[in-house]
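Read off the chains here:
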Amino acid sequence: MLRKLALGGIRSRFRDYAVLFSGLVIASAVFYMFMALATNDAFLKSNSPVSMTSFIFGFGEVLLVIITMVYIVYANTFLMSMRQRDYAMFMMLGAKGRKIAQLIFIETVSVGLLAAVVGVVIGMGLTGLAGNLLISMLHAPATHFSVFWAPALLWTFGFFLAMFVLAAIVNAIRLLKTPMLDLLHAATTPNRIQQKKTVLFIQAVLAVILLAIGYWAMTQLAKLQMMAIGVALVTIVLGTYFLFNSLLVWLIGLLKRNQRFAARGLHTFTLSQLSFRIRDYTKILSVVAMLFALALGALTVGLGFQREIPEMARHQNAYDVVTIAASAKTQKAAKQLTGVTAKTAYTQKVTAKAVYFDADQLKAQPLQFELFDQGKWQHVTVTAKNFARYAEDGDSQLLQFRIPADNARRLQVVSHAAFIAASGQTRQVMTYQVRNFAANYDTIETMVTQQNRQFGVKSSDQSGQKFTVYALINSLYSGLAFMGFFLGIAFLAMLASTLMFKILSGASFDASRYTMLQKIGVRPSLLRRSVRQEIGALFLFPGVLGITHVLFGLNMFKGLLQQPYGNLLLPFGIFIVLYAVYYALTVWLYESIVIKRDRHE
Amino acid sequence: MQTQPVVAVNGVTKTYGKPNEKQFQALKGVTFSVQPGEFVGIMGASGSGKTTLLNILSTLDRPTAGTVVINGQDVTALKGDRLSDFRAKQVGFIFQDFNLLENLTARENIALPLALQNVSHAKQTQAVEKIAATLGIEAVLDHYPTELSGGQKQRVAAARALVQEPAILFGDEPTGALDSQSAKELLNTMASLNQEQDVSILLVTHDPFSASYAQRILFIKDGQIGQELVHGDKSQSAFYQEILDTLGTFQQ
Ligand SMILES: Nc1ncnc2c1ncn2[C@@H]1O[C@H](COP(=O)(O)OP(=O)(O)OP(=O)(O)O)[C@@H](O)[C@H]1O
Ligand SMILES: [Mg+2]
């Protein structure tokens, strides 16, 4: 009988359960995704040149556990708000407290467990999809990366089970303690904002101090080491919460008291909508701000590492690929290069003792060397005049103009007349520079492999090609970029589901309010604007704070990235566009639920 | 020359259900009118079509056939913003179930229609306080709906309906959820609004006592108007008795 009642409850509010359930599924999927990296020590060690990575992931775990916990607690409050009227009804009809507690337990735990099972399956799917996509995109080896990872599985199930058993107990105790009347009228009781001014003020001050400490700690990573991350984690999470708590309450109060503003149109209604559930808003908004910062931060750092690869490779070699006496196959591959910015042909003459360049040719088109000189990278153009001077330092640069068979021959520049006069074989050398090395990665790989086969290049120190260096740097950095992107995607998914959940879980309560407004003559366009503003506030505040967190947080990567603050426009731009699209989607979904078609039309 | 009626209903029918589904005709050709300043009651048994009729009159629903003209405007043709504005300015209604926004205080609820027209804050306050005084709810203006009694809620709803000074006030069993004392107070208020401020009122009820406040009562049965009673010079108790008698015969 009880089971029938429990299932009946689910059927009658299918949409709300769907929102709740999909939210929890995403939460557990992301939890699994993160754990699949975080608990895989072999993966972390082999893909990151930084020994701290495992520790950083350890802190990440703590943060994710906090976030997921808030999420689950919130989801449970929502679950209870849907069910408490029914429970109260059962109790009025004579169901015993123990039976009700049992009912709550079955419902809560089965929802949690089911969400964890589905979530883990989806989490594996996402892990595989995102993982493989990134591996091929970044040409990252990502050794030891595993989609099915037993410790992550155990962690996810263990955590969700524990959380939901706990939640079930709390739910049951709370329900049985709450007076019947309150249960029957819950969810319509507004929260009066009756926080004392002094408390608000103390919270605001505390928020600023905590955030300042956190931001400062992140700049002191080199000195404080692990402490810095721990301190930043605690202070920023708390600071974010206090800031929202004080700021939002204060702001809403301020706007409501500003009568010229509040008295216009639906402003009072919109503000009341916000203040109505301010308490769970502040918690969820803090979570959203943290997730926003994590997702954006991970994406920015991932992009930073990815950008670092060609940047570092660029300093190693001016030419993206050089071919010597290219075979038909190599030439064919060379035609596939895209975005070629420069292509130069040189003629070499190979004699018994030397390989000659023609001085006239170099004068017309000087060689380009990348040299590390006097503590910095320098780009030099080399002609007959300074060839001798740079030939020594720039041996690594000249390597690509020779083949292993030339080992005993010296590279020399001779006058045009001497070049003509010299007896020996001539061969064609082509240098290529492209706009985007990564985009041409496969083509260049083919060309270099062809050349290596043609001339019997066995090891990387016989090849002066940029490709070799690039591959080396790539193997160091692409692992970090991979982690950045992977976590960026995971946190973004969690962010999306949190916001969506928060907004849609209130929708069915709001629907009646909007219908009423329509009945008393509020223009649909005005209703839509109110919806846009309300949801806009929910998106804007955490967004702004999240961006601030990231801007300070990038300080932590000063030791790892040459320019952590370089080229922020791209990751921020991508992220803001995604966020805006997501905002539009949420508004559209919410409107389709709360703004019903007028029966008159 | 007769004055233009504030409500003119002509041959209104309403059929529920789509053509290919099971259909039910709730209204079968209703015709009547309400003159400015009139207080008209509509009575009928449960399921006779009262709410259906009122929803059509108050532009919440649309008739299957027939026309409804309010204050010279054919409301069946209204759409979009003009429909919203018409609701906001021309008609006020008090619902069977209060329909207050529970996240707004009584004051904010009442002021909402004015805020929608961007009336200045000072004027809003003035209007809200005036109507609150008329209805005797000054003391509870800053309460939330959950902090009000049923009677107070209904009066707040009435205040919200009246604050715009609409051409006509519709009430669907506004006293249905009230105890007799609160019901009496609300009805007295409505009657004095009608007499002193010439507000036209159309009140749907199946309570004979509420109906006895009206100047004219239309009886509706199975979706049609069957009979009409006029208050005239009779005392309220005599009229009340007449209503009871009519109901007795009418319902059979
Ligand atoms: N949306 C609807 N779809 C189908 N039938 C409906 C709908 N609304 C009302 N009806 C039917 O129309 C008839 C008239 O309903 P209405 O609500 O107008 O009655 P009423 O006179 O207001 O009754 P009461 O005094 O109980 O409120 C009833 O038989 C009802 O079942
Ligand atoms: Mg009715």
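Fair warning: this is a prediction, and the values are worked out from it, not measured in the lab.

1. As for the overall build of chain A
Okay, so step 1: The helix and strand tally for chain A stands at 23 helices and 7 strands.
Okay, so step 2: Against the compact-globule benchmark of 25 Å for 601 residues, chain A has a radius of gyration of 32 Å, which places it well outside the compact range.
Okay, so step 3: Along the first, second and third principal axes, the C-alpha atoms of chain A reach 110 × 60 × 55 Å.
Okay, so step 4: Looking at the 601 residues of chain A, the share that counts as buried comes to 53%.
Okay, so step 5: For chain A, the exposed surface amounts to about 27600 Å²; the carbon and sulfur share of it is 65%.
Okay, so step 6: Computing the positive centroid from 55 side-chain charges and the negative centroid from 26, chain A places the two 11 Å apart.

2. Considering the interface of chain B and chain A
Okay, so step 1: The partner chain A presents 31 residues to the 38 residues of chain B that form the contact.
Okay, so step 2: Taken over both partners, the interface formed by chain B and chain A buries close to 3200 Å², and the fraction arising from carbon and sulfur atoms is 54%.
Okay, so step 3: Contact with chain A buries area across many residues of chain B, yet Glu102, Asn103 and Leu116 of chain B alone supply 19% of it, more than any other trio.
Okay, so step 4: The interface formed by chain B and chain A contains 4 salt bridges.
Okay, so step 5: Between Arg523 of chain A and Asp81 of chain B there is a salt bridge, with its nearest N and O atoms 3.5 Å apart.
Okay, so step 6: A total of 7 residues in the side of chain B that touches chain A trace back to one element, the largest contributor, which is helix 2 (residues 80-89) of chain B.
Okay, so step 7: For the side of chain B that touches chain A, the per-class residue count stands at 15 nonpolar, 12 polar and 11 charged.

3. Remarks on a nonpolar patch on the surface
All names here are of chain A.
Okay, so step 1: A contiguous nonpolar surface patch, about 500 Å² in accessible area, is contributed by Phe201, Val205, Ile209, Ile213 and Trp216.
Okay, so step 2: Note that Ile209 resides in helix 8 (residues 197-219).
Okay, so step 3: According to the relative accessible area criterion, Ile209 is partly exposed, its value standing at 44%.

4. Observations concerning the site of ligand 1
Residues and elements named next belong to chain B.
Okay, so step 1: Taken together, 13 residues surround ligand 1, and among them Ser46, Gly47, Lys50, Thr51 and Thr52 come closest.
Okay, so step 2: Between ligand 1 and Gly47 there is a distance of 2.8 Å, counted from an oxygen atom to a backbone nitrogen or oxygen.
Okay, so step 3: Here an oxygen atom of ligand 1 sits 3.3 Å away from a polar atom, N or O, in the main chain of Ser48.
Okay, so step 4: When ligand 1 sits alone it has 640 Å² of accessible area, and the protein chains cover 61% of it.
Okay, so step 5: Listing elements by their share of the shell around ligand 1, those giving two or more residues are strand 2 (24-34) and helix 1 (50-57).
Okay, so step 6: Take the shell around ligand 1: its biggest share by element is 3 residues, from helix 1.

5. Examining the packing of aromatic side chains
Residue and element names in this part refer to chain A.
Okay, so step 1: Inspection of every chain in the model, using the stated rule, returns 32 aromatic pairs over all chains.
Okay, so step 2: An angle of 80° between the planes, with centres 5.2 Å apart, marks the rings of Phe145 and Phe482 as edge-to-face. Here Phe482 lies in helix 20 (residues 466-505) and Phe145 lies in the loop between helix 5 (97-138) and helix 6 (150-177), a separation of 337 residues in the sequence. Neither residue differs from the other here; Phe145 and Phe482 are each classed as buried.
Okay, so step 3: Here the guanidinium or amino end of Lys349 rests over the ring plane of Phe419, the centre of that ring lying 5.4 Å away.

6. Focus on the sheet that holds strand 8 (residues 200-204) of chain B
Each strand in a sheet pairs with another by means of backbone hydrogen bonds, the pair being arranged parallel or else antiparallel.
All names here are of chain B.
Okay, so step 1: Strand order across the open sheet formed by 6 strands is 6-7-8-3-9-10, with mixed pairing between neighbours. For this open sheet the edge positions go to strand 6 (91-94) and strand 10 (224-230), each flanked by a neighbour on one side alone. Across the sheet, the axes of successive neighbouring strands diverge by a mean angle of 20°, strand direction being ignored.
Okay, so step 2: As paired elements, strand 3 (residues 39-44) and strand 8 share 4 bridges and run parallel to each other. Pairing of Phe39 across the sheet is with Ile201, part of strand 8.

7. Quick notes on the pattern of salt bridges
Opposite charge on two side chains permits pairing when their charged atoms draw close.
Okay, so step 1: For the structure on display, the rule yields 17 salt bridges over all chains.
Okay, so step 2: Across the salt bridge formed by Glu591 of chain A and Arg528 of chain A, the nearest N and O atoms sit 3.3 Å from each other. With a gap of 63 residues between them, Glu591 of chain A in helix 23 (residues 569-594) and Arg528 of chain A in helix 22 (residues 524-553) connect regions that are remote in the sequence.
Okay, so step 3: Given the relative accessible area of 12%, Glu591 of chain A is considered buried.
Okay, so step 4: As a salt-bridge pair, Asp142 of chain B and Arg107 of chain B come within 3.2 Å of each other at their nearest N and O atoms. Of this pair, Asp142 of chain B sits in the loop between helix 4 (121-135) and helix 5 (150-162) while Arg107 of chain B sits in helix 3 (residues 106-116); the two residues are 35 residues apart in sequence, bridging distant segments of the chain.
Okay, so step 5: You can call Arg107 of chain B partly exposed: its relative accessible area is 26%.
Okay, so step 6: Overlapping salt bridges bring together Asp406, Arg409 and Arg427 of chain A as one network.

8. Overview of the environment of Ala263 of chain A
Okay, so step 1: Here Ala263 of chain A is to be found in the loop between helix 11 (259-262) and helix 12 (267-276).
Okay, so step 2: Its relative accessible area of 7% is what places Ala263 of chain A among the buried residues.

9. Side note on the sheet that holds strand 5 (residues 73-74) of chain B
All names here are of chain B.
Okay, so step 1: On the basis of which strands lie adjacent, the open sheet formed by 4 strands has the order 2-1-4-5 and antiparallel pairing. This sheet does not close on itself; its edge strands, each paired only once, are strand 2 and strand 5.
Okay, so step 2: Two elements, strand 1 (residues 7-16) and strand 4 (residues 65-70), share 5 bridges in a ladder whose sense is antiparallel. Pairing of Val9 across the sheet is with Val68, part of strand 4.

10. Concerning the pairing of strand 1 (residues 321-324) of chain A
The two faces of the sheet receive side chains in turn, since in a regular strand these alternate between them.
Residue and element names in this part refer to chain A.
Okay, so step 1: Burial along strand 1 is two-sided: the face carrying Val321 and Thr323 and the face carrying Val322 and Ile324 are both buried.
Okay, so step 2: Sheet topology places strand 1 next to strand 7 (residues 425-434); 4 bridges connect them, and they run antiparallel. The residue of strand 7 that forms the bridge with Val321 is Tyr432.

11. Brief notes about the nonpolar core
Residue and element names in this part refer to chain A.
Okay, so step 1: Counting 149 residues, the largest nonpolar core has Leu20 and Leu517 as the members making the most contacts within it.
Okay, so step 2: In this structure, this core is formed jointly by two domains, domain 1 (1-189) and domain 2 (321-464), each of which donates at least three residues.
Okay, so step 3: In this structure, Leu20 is in contact with Ala75, Phe78, Leu79, Met82, Val111 and Phe501, ignoring residues within four places of it in sequence.

12. Observations regarding the pairing of strand 4 (residues 367-373) of chain A
Residues and elements named next belong to chain A.
Okay, so step 1: Relative to strand 5 (residues 376-382), strand 4 is paired through 7 bridges, and the arrangement is antiparallel. What sits directly across from Phe369, in strand 5, is Val380.
Okay, so step 2: Hairpin geometry of strand 4 and strand 5 is characterised by an intervening segment of 2 residues between the two adjacent antiparallel strands and by a positive phi of about 50° at Gln374.

13. Focus on the confidence of the model for chain B
Caution is warranted with low-pLDDT regions, since their predicted coordinates should not be read in detail.
Okay, so step 1: Mean pLDDT over chain B stands at 86; residues scoring 70 or higher make up 98%.
Okay, so step 2: In the predicted assembly, ipTM is 0.80 and pTM is 0.77.

14. Some words on the domain arrangement of chain A
Okay, so step 1: One can read the domain layout of chain A as domain 1 (1-189) and domain 2 (321-464).
Okay, so step 2: For domain 1 of chain A and domain 2 of chain A, the distance between their C-alpha centres works out to 59 Å.

15. Side note on unusual backbone geometry
Residue and element names in this part refer to chain B.
Okay, so step 1: One non-glycine residue, Asp198, adopts positive backbone phi at about 60°.
Okay, so step 2: With respect to the helices and strands, the residue Asp198 is situated in the loop between helix 6 (180-197) and strand 8.
Okay, so step 3: Judged by relative accessible area, which is 53%, Asp198 ranks as exposed.
Okay, so step 4: Here Asp222, not a glycine, exhibits a phi torsion of approximately 50°, which is positive.

Cut-offs used in this document
Throughout, a residue's number is its position along its own chain's written sequence, starting from 1. Following the order in which they are written, the chains are lettered starting with A and the ligands numbered starting with 1. Owing to the predicted nature of the model, reporting of local features is limited to residues with pLDDT of at least 70; listing and counting of side-chain atom pairs is limited to 80 or more, with chain, interface and lining totals taken over all residues. The side-chain figures draw on all heavy atoms in the structure; neither hydrogens nor water molecules are used. Runs of E in the DSSP output that reach at least two residues are strands. Runs of H or I that reach at least four are helices, and both are numbered from the N terminus. The size measure is the radius of gyration over C-alpha atoms, and the globule rule it meets is 2.2 Å times the number of residues to the 0.38 power. Three exposure classes are used, based on accessible area relative to the maximum for each residue type with a 1.4 Å probe and protein chains only: buried under 20%, partly exposed in between, and exposed over 50%. Here the accessible surface of atoms and residues is derived via Shrake-Rupley with a 1.4 Å probe, and residues count as covered only by protein chains that are part of the display. Asp and Glu are treated as the negative residues and Lys and Arg as the positive ones, with His and the ends of the chain left uncounted. Think of each charge as sitting on NZ of Lys, CZ of Arg, CG of Asp or CD of Glu. Throughout, a residue-residue contact means that at least one pair of heavy atoms, one from each residue, lies within 4.5 Å. In this description, buried area is defined as the sum, over both parts, of the accessible area (probe of 1.4 Å) that is lost when the two are combined. For this document, the term salt bridge refers to a Lys or Arg side-chain nitrogen within 4 Å of an Asp or Glu carboxyl oxygen. In this classification, Asp, Glu, Lys and Arg are treated as charged, Ala, Val, Leu, Ile, Met, Phe, Trp, Tyr, Cys and Pro as nonpolar, and every other residue, Gly included, as polar. Like charges within 9 Å and nonpolar side chains (Val, Leu, Ile, Met, Phe, Trp, Tyr) within 5 Å are joined into patches, using only residues over 30% in relative accessible area that form no salt bridge. Here, proximity means that at least one heavy atom of the residue falls within 4 Å of the molecule or strand. Two N or O atoms form a polar contact when they lie within 3.5 Å of each other; inside protein one atom must be a possible hydrogen donor and the other a possible acceptor, and for residues adjacent in sequence the pair counts only when both atoms belong to side chains. Aromatic contacts are taken between Phe, Tyr and Trp rings whose centres are within 6.5 Å, Trp giving its six-membered ring; a plane angle under 30 degrees counts as stacked, one over 60 as edge-to-face, and the others as tilted. Any Lys NZ or Arg CZ that is within 6 Å of a ring centre and within 35 degrees of that ring's normal is treated as a charge sitting over the ring. Strands pair, by our definition, only if DSSP identifies at least two bridges between them. The convention used is that axes are lines fitted to C-alpha atoms, helices contributing only their stretch in contact, and that angles between N-to-C directions extend from 0 to 180 degrees. Nonpolar cores are built from buried Ala, Val, Leu, Ile, Met, Phe, Trp, Tyr and Cys residues. Side-chain atoms within 4.5 Å join them into one set. Boundaries of every domain are those given by an automatic assignment or by a domain database. Confidence of the predictor at the level of single residues is captured by pLDDT, which takes values from 0 to 100.

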